[in-house]
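Remarks on the overall topology
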Amino acid sequence: MAQTPLVLASTSPYRRMLLERLGLRFSIASADIDETRRPDEPAQVLVLRLAEAKARAVASLNPGAVIIGCDQVACLDDAVLGKPGSRDNAIAQLERVSGRSVLFQTGLCLLDTRDGRVQTLVEPFHVHFRVLARARIERYLDRERPYDCAGSLKSEGLGIALFERLEGDDPSALIGLPLIRLIALLEAVGIDPLESG
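So, a few notes on the structure that sits alongside this text. (Residues numbered from 1 in each chain as written. Predicted model: local features only at pLDDT ≥ 70, side-chain atom pairs only at ≥ 80, totals over all residues. Heavy atoms only, no water.)

Here's the deal with the pattern of salt bridges
Threshold: Salt bridge, as used here, is a side-chain nitrogen of Lys or Arg placed within 4 Å of a carboxyl oxygen of Asp or Glu. Helix and strand assignments follow DSSP, with helices taken as H or I runs no shorter than four residues and strands as E runs no shorter than two, numbered in order from the N terminus. Buried, partly exposed and exposed residues are distinguished by accessible area as a fraction of the type maximum, computed with a 1.4 Å probe on protein chains only: under 20%, between the cut-offs, and over 50%, respectively.
Counted according to the given criterion, the structure contains 13 salt bridges. Asp71 serves as the salt-bridge partner of Lys54, at 2.8 Å between the closest nitrogen and oxygen. Here Lys54, found in helix α2 (residues 43-59), pairs with Asp71, found in strand β3 (residues 66-76); they are 17 residues apart in sequence, far enough to count as distant. By the burial criterion, Lys54 is buried, and Asp71 matches it. Where salt bridges share partners, they join Glu35, Lys54 and Asp71 into one cluster.

Here it is, written out as structure tokens:
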């Protein structure tokens, strides 16, 4: 039996790399949506809304497919730390999180266009940062250039050198796509990575 088409509504190379680990065939579609945070919108609500909006944005172009939408934010207390976009912003973010704990919240949406069923969840992951000297931050940024990563953090690379410890159920969530939770959602719509291929 042919596999239901699977579409990742993200052009993130990090999410693509994670999804490839499951050995499933999938295509990639760019979800062009407004990602602006609404006034007083809690981070958990934001990532759920954006994950679903990304999935819905590509659904009409992919009838009969199962769409994966995802979004992530890093939270320090009540503040959302976005993608820094520049070295100066990344330095400021990392100085701010030095010696503190940051909550990464990853919103995940699985939209089955065959019947309109939507499954959503938020996967939390806590990162406890070491105290970071400015020189260490600059060395990290020179080597990793994580300017397109939430909270200036590229955990799959040298970002690990900034951590004191990690807390969470799904380590892939920190990179941007919680695979453990995604597998359960996929199985609920009849897609099992161990049965495919």
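Focus on unusual backbone geometry
Although it is not a glycine, Asp40 sits at a positive phi angle of roughly 60°. The topology assignment puts Asp40 in the loop between β2 (27-28) and α2. Phi at Asp77 is positive, roughly 55°, even though this residue is not glycine. Of the residues examined, Asp77 reaches a relative accessible area of 60% and is grouped as exposed.

Some thoughts on the side chain of Glu123
Put simply, the test is: Each polar contact in these results corresponds to two N or O atoms within 3.5 Å; when the atoms are within protein, one needs to be able to donate a hydrogen and the other to accept it, and residues that are neighboring in sequence are counted only if both atoms are side-chain atoms.
The residue Glu123 is located in strand β6 (residues 117-129) in this model. Classification of Glu123 by relative accessible area gives buried; the value is 3%. One polar contact links Glu123 to Arg181, side chain to side chain, over a distance of 2.6 Å.

Quick notes on the packing of aromatic side chains
Going by this rule: Note on aromatic contacts: the rings of Phe and Tyr and the six-membered ring of Trp form a pair at centre separations within 6.5 Å, being stacked when their planes are under 30 degrees apart, edge-to-face when over 60 apart, and tilted otherwise.
Under the criterion given, the structure shown has 1 aromatic pair. Centre to centre, the rings of Phe129 and Phe163 are 5.8 Å apart; their planes meet at 85°, and the pair counts as edge-to-face. Here the residue Phe129 occupies a position in strand β6, and Phe163 occupies one in strand β7 (residues 163-167), the gap between them amounting to 34 residues. Judged on exposure class, the residue Phe129 and its partner Phe163 are both buried.

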